[in-house]
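Structural features, examined
Given next are the chains, with one letter for each unit.
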Amino acid sequence: MTAANRQPAVLALGSNLGDRLTTLTAAISALEQVPGLELTGVSPVYESAAVKVDGVDDDAPRYLNLVVGIRYTGAPHALLDAVNAIENDYGRVRVERWGDRTLDIDIIVFGSVSLHDERLSIPHPRAAERDFVLAPWLDLDPEAVIPGRGPVRTLLGAIDATLTPYAVLPSAGGNR
Ligand SMILES: Nc1ncnc2c1ncn2[C@@H]1O[C@H](COP(=O)(O)OP(=O)(O)OP(=O)(O)O)[C@@H](O)[C@H]1O
Ligand SMILES: Nc1nc2c(c(=O)[nH]1)N=C(CO)CN2
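Residues numbered from 1 in each chain as written. Chains lettered and ligands numbered in written order. Predicted model: local features only at pLDDT ≥ 70, side-chain atom pairs only at ≥ 80, totals over all residues. Heavy atoms only, no water.

Applying the stated criterion across every chain, the model contains eight salt bridges. Among the ionic pairs, Asp-57 bridges to Lys-52, the shortest N-O distance being 3.5 Å. What makes Asp-57 partly exposed here is its relative accessible area of 24%. Lys-52 gets classed as buried once you look at its relative accessible area, which sits at 12%. Where Arg-149 meets Glu-129, a salt bridge forms, and the shortest distance between an N and an O atom there is 2.8 Å. One end of the pair, Arg-149, is in the loop between strand E10 (145-146) and strand E11 (150-151); the other, Glu-129, is in the loop between strand E9 (121-122) and helix H3 (131-140), with 20 residues separating them in the sequence. Classification of Arg-149 as partly exposed rests on a relative accessible area of 43%. Owing to a relative accessible area of 46%, Glu-129 belongs among the partly exposed residues under this scheme. In the salt-bridge network here, residues are joined through shared partners; they are Arg-20, Glu-47 and Arg-62. (Salt bridge = Lys/Arg side-chain N within 4 Å of Asp/Glu carboxyl O. Buried < 20%, exposed > 50% of the residue type's maximum accessible area, 1.4 Å probe, protein only. Helix = DSSP H or I, 4+ residues; strand = E, 2+ residues; numbered from the N terminus.)

Next comes the structure, spelled out in C-alpha coordinates:
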(Lines give C-alpha, C1' and ligand atoms only; values in the text may rest on other atoms or scores of the structure.)
(Ligands and ions follow the chains in the order given, each with its own letter.)
Protein backbone atom coordinates (compact mmCIF):
# COMPACT_ATOMS: atom_id res chain seq x y z
CA MET A 1 0.00 0.00 0.00
CA THR A 2 1.37 3.46 -0.84
CA ALA A 3 1.16 6.67 1.15
CA ALA A 4 -1.57 7.72 -1.25
CA ASN A 5 -3.93 5.02 -0.01
CA ARG A 6 -3.35 5.01 3.72
CA GLN A 7 -6.18 3.42 5.66
CA PRO A 8 -7.83 5.29 8.51
CA ALA A 9 -7.87 3.18 11.67
CA VAL A 10 -8.71 3.52 15.36
CA LEU A 11 -6.63 2.13 18.21
CA ALA A 12 -7.74 1.84 21.85
CA LEU A 13 -5.10 2.14 24.56
CA GLY A 14 -5.47 1.09 28.19
CA SER A 15 -3.28 0.89 31.29
CA ASN A 16 -4.01 -0.11 34.89
CA LEU A 17 -0.51 -0.75 36.30
CA GLY A 18 2.44 1.58 36.92
CA ASP A 19 2.45 5.25 35.99
CA ARG A 20 -0.55 4.95 33.70
CA LEU A 21 -0.62 8.43 32.19
CA THR A 22 3.13 8.43 31.50
CA THR A 23 2.84 5.04 29.82
CA LEU A 24 -0.07 6.13 27.62
CA THR A 25 1.76 9.32 26.64
CA ALA A 26 4.92 7.37 25.80
CA ALA A 27 2.91 4.83 23.81
CA ILE A 28 1.44 7.61 21.66
CA SER A 29 4.95 8.88 20.97
CA ALA A 30 6.03 5.35 20.09
CA LEU A 31 3.10 4.98 17.69
CA GLU A 32 4.21 8.15 15.93
CA GLN A 33 7.59 6.49 15.28
CA VAL A 34 6.06 3.47 13.52
CA PRO A 35 6.98 3.61 9.81
CA GLY A 36 3.94 4.42 7.67
CA LEU A 37 1.80 5.48 10.64
CA GLU A 38 0.40 8.99 10.98
CA LEU A 39 -1.50 10.09 14.07
CA THR A 40 -4.70 11.96 13.20
CA GLY A 41 -6.27 12.44 16.64
CA VAL A 42 -5.94 11.71 20.36
CA SER A 43 -9.06 11.48 22.55
CA PRO A 44 -9.41 12.64 26.15
CA VAL A 45 -8.41 10.12 28.83
CA TYR A 46 -11.08 8.37 30.91
CA GLU A 47 -10.77 6.37 34.13
CA SER A 48 -12.86 3.30 34.91
CA ALA A 49 -13.03 0.20 37.07
CA ALA A 50 -11.36 -2.90 35.65
CA VAL A 51 -13.66 -5.19 33.70
CA LYS A 52 -12.63 -8.81 34.25
CA VAL A 53 -13.92 -11.99 32.67
CA ASP A 54 -16.49 -12.39 35.46
CA GLY A 55 -17.51 -8.72 35.69
CA VAL A 56 -16.33 -5.42 37.14
CA ASP A 57 -13.57 -5.86 39.75
CA ASP A 58 -13.60 -2.91 42.15
CA ASP A 59 -10.56 -4.33 43.97
CA ALA A 60 -8.34 -4.29 40.86
CA PRO A 61 -6.34 -1.18 39.91
CA ARG A 62 -8.45 1.24 37.86
CA TYR A 63 -7.80 1.74 34.16
CA LEU A 64 -6.98 4.81 32.16
CA ASN A 65 -8.21 4.53 28.56
CA LEU A 66 -8.07 6.63 25.41
CA VAL A 67 -8.37 6.12 21.68
CA VAL A 68 -6.26 7.45 18.84
CA GLY A 69 -7.08 7.95 15.19
CA ILE A 70 -4.36 7.01 12.74
CA ARG A 71 -3.65 6.54 9.07
CA TYR A 72 -1.49 3.56 8.17
CA THR A 73 0.11 2.43 4.93
CA GLY A 74 0.70 -1.22 5.86
CA ALA A 75 -1.48 -4.28 6.28
CA PRO A 76 -3.55 -4.98 9.43
CA HIS A 77 -1.17 -7.73 10.60
CA ALA A 78 1.82 -5.40 10.26
CA LEU A 79 -0.03 -2.91 12.45
CA LEU A 80 -0.69 -5.68 15.00
CA ASP A 81 3.04 -6.53 15.03
CA ALA A 82 3.86 -2.85 15.62
CA VAL A 83 1.41 -2.41 18.50
CA ASN A 84 2.46 -5.72 20.10
CA ALA A 85 6.10 -4.54 19.99
CA ILE A 86 5.14 -1.29 21.74
CA GLU A 87 3.17 -3.23 24.39
CA ASN A 88 6.22 -5.41 25.02
CA ASP A 89 8.50 -2.35 25.23
CA TYR A 90 6.31 -1.01 28.03
CA GLY A 91 6.57 -4.13 30.12
CA ARG A 92 3.37 -5.84 29.10
CA VAL A 93 3.26 -9.36 30.50
CA ARG A 94 0.34 -11.59 29.49
CA VAL A 95 -0.67 -13.49 32.61
CA GLU A 96 -4.39 -13.99 32.20
CA ARG A 97 -7.11 -12.97 29.79
CA TRP A 98 -8.36 -9.48 30.67
CA GLY A 99 -5.71 -9.40 33.41
CA ASP A 100 -4.05 -6.26 34.79
CA ARG A 101 -1.51 -4.72 32.40
CA THR A 102 0.90 -1.81 32.01
CA LEU A 103 -0.25 -1.28 28.44
CA ASP A 104 -2.85 -2.71 26.10
CA ILE A 105 -3.31 -1.54 22.51
CA ASP A 106 -6.26 -2.92 20.53
CA ILE A 107 -7.01 -2.32 16.85
CA ILE A 108 -10.68 -1.34 16.87
CA VAL A 109 -11.34 -0.66 13.19
CA PHE A 110 -9.15 -0.56 10.09
CA GLY A 111 -10.87 1.19 7.22
CA SER A 112 -13.84 -0.97 6.19
CA VAL A 113 -11.84 -4.17 6.71
CA SER A 114 -13.62 -7.18 8.18
CA LEU A 115 -11.19 -9.94 9.04
CA HIS A 116 -11.10 -12.80 11.51
CA ASP A 117 -8.16 -15.18 11.80
CA GLU A 118 -6.21 -16.81 14.62
CA ARG A 119 -4.21 -13.61 15.31
CA LEU A 120 -6.55 -10.78 14.51
CA SER A 121 -10.24 -9.86 14.55
CA ILE A 122 -11.30 -6.57 12.97
CA PRO A 123 -13.54 -4.82 13.93
CA HIS A 124 -12.49 -5.69 17.49
CA PRO A 125 -15.22 -8.14 18.58
CA ARG A 126 -15.79 -6.60 22.04
CA ALA A 127 -15.45 -2.89 21.22
CA ALA A 128 -19.20 -2.36 20.72
CA GLU A 129 -19.88 -3.28 24.38
CA ARG A 130 -16.99 -1.30 25.93
CA ASP A 131 -17.77 2.16 27.26
CA PHE A 132 -14.04 2.73 27.75
CA VAL A 133 -13.61 2.43 23.97
CA LEU A 134 -16.86 4.04 22.76
CA ALA A 135 -16.85 7.19 24.94
CA PRO A 136 -13.37 8.46 24.02
CA TRP A 137 -13.96 7.46 20.39
CA LEU A 138 -17.19 9.48 20.26
CA ASP A 139 -15.27 12.51 21.60
CA LEU A 140 -12.77 12.10 18.80
CA ASP A 141 -15.33 11.46 16.05
CA PRO A 142 -19.03 12.12 16.71
CA GLU A 143 -19.91 10.35 13.42
CA ALA A 144 -17.89 7.19 14.12
CA VAL A 145 -19.38 3.86 13.06
CA ILE A 146 -18.33 0.27 13.75
CA PRO A 147 -18.89 -1.52 10.43
CA GLY A 148 -21.57 -4.16 10.93
CA ARG A 149 -22.48 -2.89 14.43
CA GLY A 150 -23.68 0.69 13.98
CA PRO A 151 -22.96 4.25 15.09
CA VAL A 152 -20.74 4.60 18.15
CA ARG A 153 -23.19 7.16 19.56
CA THR A 154 -26.03 4.60 19.45
CA LEU A 155 -23.89 1.78 20.83
CA LEU A 156 -22.73 3.95 23.74
CA GLY A 157 -26.30 5.04 24.45
CA ALA A 158 -27.25 1.39 24.97
CA ILE A 159 -24.64 0.92 27.71
CA ASP A 160 -24.69 1.91 31.35
CA ALA A 161 -21.44 3.90 31.12
CA THR A 162 -19.52 4.45 34.38
CA LEU A 163 -16.48 6.35 33.18
CA THR A 164 -14.88 9.41 34.74
CA PRO A 165 -13.12 12.05 32.61
CA TYR A 166 -9.51 12.02 33.82
CA ALA A 167 -7.26 14.22 31.66
CA VAL A 168 -6.70 15.79 28.29
CA LEU A 169 -3.19 15.13 27.03
CA PRO A 170 -1.17 18.02 25.58
CA SER A 171 -1.00 15.96 22.36
CA ALA A 172 -4.80 15.62 22.22
CA GLY A 173 -6.68 16.75 19.16
CA GLY A 174 -9.71 15.65 17.24
CA ASN A 175 -8.64 16.61 13.76
CA ARG A 176 -5.06 16.99 12.66
N1 LIG B 1 -8.37 -6.25 16.95
C2 LIG B 1 -7.35 -6.72 17.70
N3 LIG B 1 -6.48 -5.86 18.30
C4 LIG B 1 -5.45 -6.34 19.04
N5 LIG B 1 -5.21 -7.65 19.28
C6 LIG B 1 -6.06 -8.53 18.71
C7 LIG B 1 -7.16 -8.11 17.91
N8 LIG B 1 -7.82 -9.21 17.48
C9 LIG B 1 -7.18 -10.27 17.96
N10 LIG B 1 -6.13 -9.88 18.72
C11 LIG B 1 -5.25 -10.84 19.37
O12 LIG B 1 -5.55 -10.87 20.73
C13 LIG B 1 -4.39 -11.37 21.37
C14 LIG B 1 -4.55 -11.25 22.85
O15 LIG B 1 -4.75 -9.95 23.14
P16 LIG B 1 -4.77 -9.48 24.63
O17 LIG B 1 -3.97 -10.37 25.51
O18 LIG B 1 -4.39 -8.02 24.61
O19 LIG B 1 -6.30 -9.68 25.00
P20 LIG B 1 -7.01 -8.88 26.06
O21 LIG B 1 -6.60 -7.43 25.91
O22 LIG B 1 -6.77 -9.49 27.38
O23 LIG B 1 -8.53 -9.01 25.68
P24 LIG B 1 -9.36 -8.21 24.61
O25 LIG B 1 -8.93 -8.73 23.27
O26 LIG B 1 -10.76 -8.54 24.95
O27 LIG B 1 -9.08 -6.74 24.76
C28 LIG B 1 -3.30 -10.56 20.71
O29 LIG B 1 -2.05 -11.17 20.81
C30 LIG B 1 -3.78 -10.51 19.27
O31 LIG B 1 -3.16 -11.51 18.47
N1 LIG C 1 -11.83 -0.56 32.47
C2 LIG C 1 -11.18 -1.39 31.64
N3 LIG C 1 -11.30 -2.71 31.80
C4 LIG C 1 -10.65 -3.56 30.94
C5 LIG C 1 -9.84 -3.08 29.92
C6 LIG C 1 -9.72 -1.68 29.79
O7 LIG C 1 -8.99 -1.20 28.88
N8 LIG C 1 -10.39 -0.87 30.66
N9 LIG C 1 -9.23 -3.94 29.06
C10 LIG C 1 -9.40 -5.23 29.17
C11 LIG C 1 -8.80 -6.15 28.20
O12 LIG C 1 -8.47 -5.57 27.03
C13 LIG C 1 -10.19 -5.82 30.22
N14 LIG C 1 -10.81 -4.89 31.08
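Moving on from the model shown.
Looking now at the nonpolar core. If you look at the biggest cluster of nonpolar residues, it comprises 31 residues, and the most contacted ones within it are Leu-11, Leu-13, Val-68, Ile-70 and Leu-79. When contributions to this core are tallied by element, the ones reaching two or more residues are strand E1 (7-15), helix H1 (20-32), strand E2 (37-42), strand E6 (63-72), helix H2 (76-89) and strand E7 (104-110). Dropping the residues within four chain positions of it, Leu-11 is found in contact with Leu-31, Leu-66, Val-67, Val-68, Ile-70, Leu-79, Val-83, Ile-105, Asp-106, Ile-107 and Ile-108. Among the nonpolar cores identified, the runner-up in size contains 21 residues, and Val-10, Phe-132, Trp-137 and Leu-163 belong to it. (Core = buried A, V, L, I, M, F, W, Y, C linked by side-chain atoms within 4.5 Å. Contact = heavy atoms within 4.5 Å.)

Below, the discussion takes up the packing of aromatic side chains. Per the stated rule, a full pass over the model turns up one aromatic pair. Taking 6.5 Å as the distance between ring centres and 80 degrees as the angle between the ring planes, the aromatic pair formed by Tyr-72 and Phe-110 counts as edge-to-face. Taken together, the positions of Tyr-72 in strand E6 and Phe-110 in strand E7 put the pair 38 residues apart, joining distant regions of the chain. The class of Tyr-72 is buried, set by a relative accessible area of 5%. (Phe/Tyr/Trp six-rings, centres within 6.5 Å; stacked < 30°, edge-to-face > 60°.)

Surveying the vicinity of ligand 2 reveals the residues Ser-48, Ala-49, Ala-50, Val-51, Tyr-63, Asn-65, Trp-98, Arg-101, Asp-104, Arg-130 and Phe-132. Contact between ligand 2 and Ala-49: a nitrogen atom at 2.8 Å from a main-chain N or O atom of the residue. Asp-104 places a polar side-chain atom, nitrogen or oxygen, 2.9 Å from an oxygen atom of ligand 2. Protein burial of ligand 2: of its 330 Å² of free accessible surface, 96% is covered by the chains. Residue assignment for the shell around ligand 2 shows that the elements contributing at least two residues are strand E4 (50-52) and E6. Taken together, the residues of the shell around ligand 2 sort by class into six nonpolar, two polar and three charged. (Near = heavy atom within 4 Å. Polar contact = N/O pair within 3.5 Å; in protein donor to acceptor, adjacent residues only side chain to side chain. Areas by Shrake-Rupley, 256 points an atom, 1.4 Å probe, with all protein chains shown as cover. Nonpolar A, V, L, I, M, F, W, Y, C, P; charged D, E, K, R; others polar.)

For E6, the buried fraction is high: nine of the ten residues fall into the buried class. Both E1 and E6 contribute to a ladder of nine bridges, which runs antiparallel. If you follow Leu-13 over to E6, its bridge partner there is Leu-66. Pairing analysis gives five bridges linking E2 to E6, with the strands arranged antiparallel. The residue of E6 that forms the bridge with Leu-39 is Ile-70. (Pairing = 2+ DSSP bridges.)

Two residues of an α-helix separated by three or four positions point the same way, owing to the 3.6 residues in each turn. Across its 13 residues, H1 extends 19 Å between first and last C-alpha, which sits within 8% of the 18 Å expected from 1.5 Å per residue. Buried within H1 we find Arg-20, Thr-23, Leu-24, Ala-27, Ile-28, Ala-30 and Leu-31. Buried residues of H1 fall within an arc of 160 degrees about the axis and therefore sit on the same side. Each element contacted by the buried residues of H1 is listed here: E1, E2, strand E3 (45-48), E6, H2 and strand E12 (164-167). (Expected span 1.5 Å × (residues − 1). Arc of directions from axis to C-beta.)

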